Amino acid sequence: MNKDDKLLHFMCEKTKELTESWYNSLDKSDPNGIYSSNDPAVIKSIKQQNYEFHKRFCTLFDQSITEKDFLESFEPWVVSIARDKNHLETPIHLVLRELFRTQDQYLKLLNEFVEKKPAEYDRETENQWRNSIIQTFAKVLVWFTQEINNYAASQLEAQKEMILELSSPIILLNKTTGLLPLIGEIDTVRAKHILQHTLNSCSEKGLDHLFIDLSGVLIIDTMVAQQIFQLINTLDLLGVKSTLSGIRPEIAHTTVQLGLDFNDISITSTLERAITLKAPLK
């Protein structure tokens, strides 16, 4: 691509003007999102973010900057916008709309530059510049949407981890006795998490007895039943005795079908009975 210092300076001198023009032409009637905000701090922020974009984009025509360096200069901007709380709460089609409007600004700016010196640049050079603007915006748009998707996926994974942590709490009944109340559906993923989390918690808390209450669990498949059986056996190896309570008939039937041997495991019908049969908690 032909790069030109005159075009570079022309565009760089327009950055602040582009930001003000862009903001003044915003459709502020959108009911949701950052662009309709009346908060002075938010308005100042989006103007600064827009200005930071222009400072980077105008260097597209800088002869001293390679394409790799140009794209690397955009990374902080793309990442910050993709993770910005106000932008995340804005419908993605509105964000993309504003990026396309910014692209139009540059195409119009290019026309303005060429029209001032019609004899200085041929049509081929003009088309190269126009295509470069369009292709570069396309790269930034794809990059931006990928970054949003990656960030959303990482946030979702973190939330899943938090939910899993909260779904298998070890409640201390005294210094050496704990309770693991299991509620809701237990799939294979959750069962594996319960196994690892429970072992770690019992070891960290120094427990010697754990009540595992299943009264809030309606269904357990064969894989999950095996995980619970493995949990009890592993706890026993760690010196932690277990008492199972609240096993429903359907779950009992599953364990029988699997041939799991619970003969050496303390089992009671209810949690209340389990606690009563154990030595008084202090």
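Q: Tell me what's going on with the overall build of the chain, and back it up with residues and numbers.
A: Counting its regular elements, the chain contains eleven helices and five strands. Taken over the C-alpha trace, the chain has a radius of gyration of 31 Å; the compact-globule value for 282 residues is 19 Å, which it surpasses by more than 25%. Overall size of the chain, expressed as C-alpha extent along the three principal axes, is 95 × 40 × 35 Å. Per-residue burial over the chain gives 43% buried out of 282 residues.

Q: Explain the nonpolar core to me, using residue names and the numbers behind them.
A: The biggest cluster of nonpolar side chains holds 40 residues, and the ones touching the most others in it are Met 11, Phe 53, Phe 57 and Ile 133. Sorting the residues of this core by element identifies α1 (5–12), α2 (15–24), α3 (40–57), α4 (67–82), α6 (92–116) and α7 (123–167) as the ones contributing at least two each. For this core, the leading source of residues is α6, giving nine residues. Those residues in contact with Phe 57, other than ones at most four positions away along the chain, are Phe 70, Phe 74, Tyr 106, Ile 133, Thr 136 and Phe 137. Core analysis: the second largest hydrophobic core is formed by 26 residues, Leu 199, Leu 210, Ile 228 and Leu 231 among them.

Q: Summarise the pairing of strand β4 (residues 241–245); cite the residues concerned and give the values.
A: Among the five residues of β4, four are classified as buried, and the element is accordingly described as predominantly covered. With five bridges joining them, strand β3 (residues 209–216) and β4 adopt parallel strand pairing. Bridge assignment links His 209 to a residue of β4, and that residue is Lys 241.

Q: Mind laying out the sheet that holds strand β5 (residues 266–268), listing which residues take part and the relevant values?
A: Two orientations exist for strands paired in a sheet by backbone hydrogen bonds: parallel and antiparallel. An order of β1-β2-β3-β4-β5 is seen for the five strands of this open sheet, with the pairing classed as mixed. Of all the strands in the sheet, just β1 (171–172) and β5 have a single pairing partner and so form its edges. Sheet topology places β4 next to β5; three bridges connect them, and they run parallel. Opposite Ser 245, over in β5, you have Thr 268 as the bridge partner. The sheet contacts of helix α8 (residues 188–205) involve β1, β2 (177–183) and β3, and relative to β2 the element is tilted by about 165°.

Q: If you had to explain the packing of α1 against α6 to someone new, which residues and values would you point to?
A: Orientation of α1 relative to α6, taken along the N-to-C sense of each, is 125°, at an axis distance of 11 Å. Classified by the angle between their axes, α1 and α6 sit oblique to one another. α1 and α6 meet at a crossing whose hand is right-handed. Of the residues in α6, those touching α1 at Lys 6, Leu 7, Phe 10 and Met 11 are Tyr 106, Leu 109, Leu 110, Glu 112, Phe 113 and Lys 116. Taken together, the residues of the contact of α1 with α6 break down into seven nonpolar, no polar and three charged.

Q: If you had to explain the environment of Ile 46 to someone new, which residues and values would you point to?
A: Position of Ile 46 among the secondary structure elements: in helix α3. Classification of Ile 46 as buried rests on a relative accessible area of 2%. Along the sequence, Ile 46 and Asn 200 sit 154 residues apart, while their C-alpha atoms lie 46 Å from each other. Apart from the residues within four sequence positions on either side, Ile 46 is in contact with Trp 22, Tyr 23, Leu 26 and Ile 34.

Q: Can you tell me about the pairing of β3, naming the residues and giving the values?
A: Counted residue by residue, β3 has six buried out of eight residues, so it is predominantly covered. As for the winding sense of the linkage, the β-α-β connection from β2 through α8 to β3 is right-handed.

Q: Pulling in residues and values, what's your account of the packing of aromatic side chains?
A: The tally for this structure, following the rule as stated, stands at 17 aromatic pairs. Relative to Trp 129, the ring of Phe 61 has its centre 6.3 Å away and its plane inclined at 85°; by these criteria the two rings are edge-to-face. In this pair, Phe 61 sits in the loop between α3 and α4 while Trp 129 sits in helix α7, placing the two residues 68 residues apart along the sequence. Owing to a relative accessible area of 0%, Phe 61 belongs among the buried residues under this scheme. Aromatic pair Phe 70 and Phe 74: ring centres 5.4 Å apart, planes at 65°, arrangement edge-to-face. Of the two residues, Phe 70 and Phe 74 are both situated in helix α4; the distance of four residues between them amounts to about one turn of the helix. Judged by relative accessible area, Phe 70 falls into the buried class, the value being 3%. Residue classification places Phe 74 among the buried positions, given a relative accessible area of 0%. Each residue in the set Phe 53, Phe 57, Phe 70, Phe 74, Trp 77, Tyr 106 and Phe 137 is aromatic and connected to the rest through ring pairs, giving one cluster.

Criteria and thresholds
- Residues numbered from 1 in each chain as written.
- Predicted model: local features only at pLDDT ≥ 70, side-chain atom pairs only at ≥ 80, totals over all residues.
- Heavy atoms only, no water.
- Helix = DSSP H or I, 4+ residues; strand = E, 2+ residues; numbered from the N terminus.
- Rg over C-alpha atoms; globule rule 2.2 N^0.38 Å.
- Buried < 20%, exposed > 50% of the residue type's maximum accessible area, 1.4 Å probe, protein only.
- Core = buried A, V, L, I, M, F, W, Y, C linked by side-chain atoms within 4.5 Å.
- Contact = heavy atoms within 4.5 Å.
- Pairing = 2+ DSSP bridges.
- Axes fitted to C-alpha atoms, helices over the stretch in contact; angles between N-to-C directions.
- Parallel < 35°, antiparallel > 145°, perpendicular 65-115°, else oblique.
- Left-handed = near helix turned anticlockwise from the far one by under 90°.
- Nonpolar A, V, L, I, M, F, W, Y, C, P; charged D, E, K, R; others polar.
- Right-handed = clockwise from strand over helix to strand, strands pointing away.
- Phe/Tyr/Trp six-rings, centres within 6.5 Å; stacked < 30°, edge-to-face > 60°.

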